[in-house]
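# Descriptive analysis of the structure
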Amino acid sequence: MRFLHPDQIAFWYKRSLQKSGYTEVYSFARDFWKDLARRGAHAIPPGFIARLMGRFMALPVGLKDPSATEFKEEDALLARIFNAEGADRLEGIFLLSGADRDPAIAQGIFQQIIDRLPAFQDNDIAFSDTDLEKSFSVEHSASAGFDVDQALEKIYIKALDELATIEFRFYADDIFEIGHPNLFERPADHLFYRRMSRAMKGMAFWTRSVFTLKEESSWIVARYGEPQVLPLGGYDELTNKGNISSIVPSELAYIDESMQFDLFDYKFIENQLTYFKRDSGAVFRIRRDIIIKITLTEFFEHERHLGLLFAWFFNLAEKLIDTFVKDMVNVIVILNGYRPSSLKDAYEFFEHFLREKMLDKRIKILSEETPEKLESTLRQNAQNWLFAATPEQSGNFVRLEFPQSDEFAAMPPDDQEKELGMLINNAIERMVKNADSQI
């Protein structure tokens with residue numbers, strides 16, 4: 001391995017952009033490539049980065065060279081990436097997150113995409129951070145024996161060969177991670193999420209049961225109910241105000257995708273679109289605070305078991321919220337007992353995960369129980385439930401205990417997920433049967 005001099009780095013940068021059809025790129029694209037290079041990706045071509053960013057961003061990434069010729073190797077690699085299964089969903093990530101117009105948001109997403117590509121490698125391309133900065137002050141770049149065209153060809157052929165040996169695609173978990181780059185700031189977060197995600201999917205298969213809720217007694221409604229006016233029943237009349245779910249279907253005929261500003265856009269801006277207005281009425285939503293309390297043991301020192309535990313929490317909490325969908329359900333998870341060495345990292349990741357899922361107001365986790373913290377978390381005038389191994393003095397109780405035995409640890413993952421899924425079903429079924437309890 002040899003280190004390139006500043007003038008050679010400048011030549012590598014400029015020649016790669018020329019081969020990719022650019023005379024120069026704007027600062028946000030240039031700085032992103034520099035950040036990649038500082039992390040050790042010296043051989044990732046600047047031109048490749050420009051074309052990748054140009055594919056997904058509505059903003060121009062640089063100045064195009066009208067005289068540029070075809071670059072077959074680079075074209076082939078980009079086509080392989082853009083045509084991979086799941087790649088079509090990347091467009092939605094950029095549009096929905098605003099990353100198509102915001103380079104600051106886009107950088108994390110592009111980093112996640114690049115992390116899934118083969119490493120760009122060439123033994124003749126390496127340089128120091130100091131020389132990298134100096135290269136952008138070089139007035140006249142020079143190859144000095146460095147054949148950039150040959151290096152680019154080798155880099156792309158290696159990358160294509162590696163892609164050919166694997167079933168390259170963007171899985172559902174990849175799409176989630178790419179779309180939430182701030183959630184995966186540490187390498188360990190990826191591994192923990194994959195463990196947790198795998199377990200969540202396995203348990204979800206066994207928690208598809210639908211529970212029939214009983215009508216709440218007048219005592220429950222009076223004690224814990226909160227009246228709210230919600231859309232009910234059928235359609236009442238037509239109006240010029242509403243949301244997209246209530247729009248009169250014939251209005252969609254005004255959409256013309258060939259025009260930048262069509263009649264639909266005009267009617268939307270002028271409040272001339274027609275919506276159905278639904279009947280409304282008052283319903284009572286019951287406030288329910290559900291505490292899930294688990295006493296940890298050394299069983300959870302194994303990180304896979306910790307991933308199982310957090311997956312179980314999430315599936316149970318989400319199923320509770322879905323079952324009592326018309327109610328105001330909050331779930332509080334309390335962890336007592338042994339403190340596994342990875343618990344702090346798992347706890348921090350899970351909190352961030354809930355924020356990304358926009359469930360942090362509905363699901364909370366207390367890594368250490370204190371009366372003051374619990375009291376501040378519980379709502380006044382809410383029906384309290386405790387899911388735990390042993391009952392306490394007040395509140396509705398459902399016996400629930402996460403298995404921590406050697407026999408459970410020895411079970412195949414599918415069997416573990418089945419048992420945990422059945423635990424969730426049984427616990428919710430017991431709660432549903434006693435949901436009108438006056439305790």
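Structure shown above.
Heads up: these notes are all about the structure in this document. None of these values were measured; they are calculated from a predicted model.

### Side note on the overall build of the protein
If you tally the helices and strands in the protein, you get 17 helices and eight strands. For 439 residues, the compact-globule formula gives about 22 Å, and the C-alpha radius of gyration of the protein, at 28 Å, lies well above that figure. C-alpha atoms of the protein, sized along the principal axes, occupy 85 × 65 × 40 Å. Counting over 439 residues, the protein shows a buried share of 44%. Excluding contacts between residues fewer than 6 apart, the proportion of contacts in the protein whose partners are at least 24 apart in sequence is 82%. Looking at the protein as shown, the accessible area adds up to about 23,100 Å², and 51% of this sits on carbon and sulfur atoms.

### Observations regarding the packing of helix H3 (residues 46–56) against helix H4 (residues 72–82)
Between H3 and H4, whose axes approach to 11 Å, the crossing angle comes to 40 degrees. Classed by the angle they form, the pair H3 and H4 counts as oblique. Taken as a pair, H3 and H4 cross one another with a handedness that is right-handed. Of the residues in H4, those touching H3 at Gly47, Phe48, Arg51, Leu52, Arg55 and Phe56 are Glu74, Asp75, Leu77, Leu78, Ile81 and Phe82. A class-by-class count of the residues in the contact of H3 with H4 yields seven nonpolar, one polar and four charged.

### Some points on the side chain of Thr207
Tracing the backbone through its elements, the reader meets Thr207 in the loop between helix H10 (187–206) and helix H11 (218–224). Every residue in contact with Thr207, bar those within four places of it in the chain, is listed here: Lys319, Gly421, Ile424 and Asn425.

Each value, and the rule that gives it
- Residues numbered from 1 in each chain as written.
- Predicted model: local features only at pLDDT ≥ 70, side-chain atom pairs only at ≥ 80, totals over all residues.
- Heavy atoms only, no water.
- Helix = DSSP H or I, 4+ residues; strand = E, 2+ residues; numbered from the N terminus.
- Rg over C-alpha atoms; globule rule 2.2 N^0.38 Å.
- Buried < 20%, exposed > 50% of the residue type's maximum accessible area, 1.4 Å probe, protein only.
- Contact = heavy atoms within 4.5 Å.
- Areas by Shrake-Rupley, 256 points an atom, 1.4 Å probe, with all protein chains shown as cover.
- Axes fitted to C-alpha atoms, helices over the stretch in contact; angles between N-to-C directions.
- Parallel < 35°, antiparallel > 145°, perpendicular 65-115°, else oblique.
- Left-handed = near helix turned anticlockwise from the far one by under 90°.
- Nonpolar A, V, L, I, M, F, W, Y, C, P; charged D, E, K, R; others polar.

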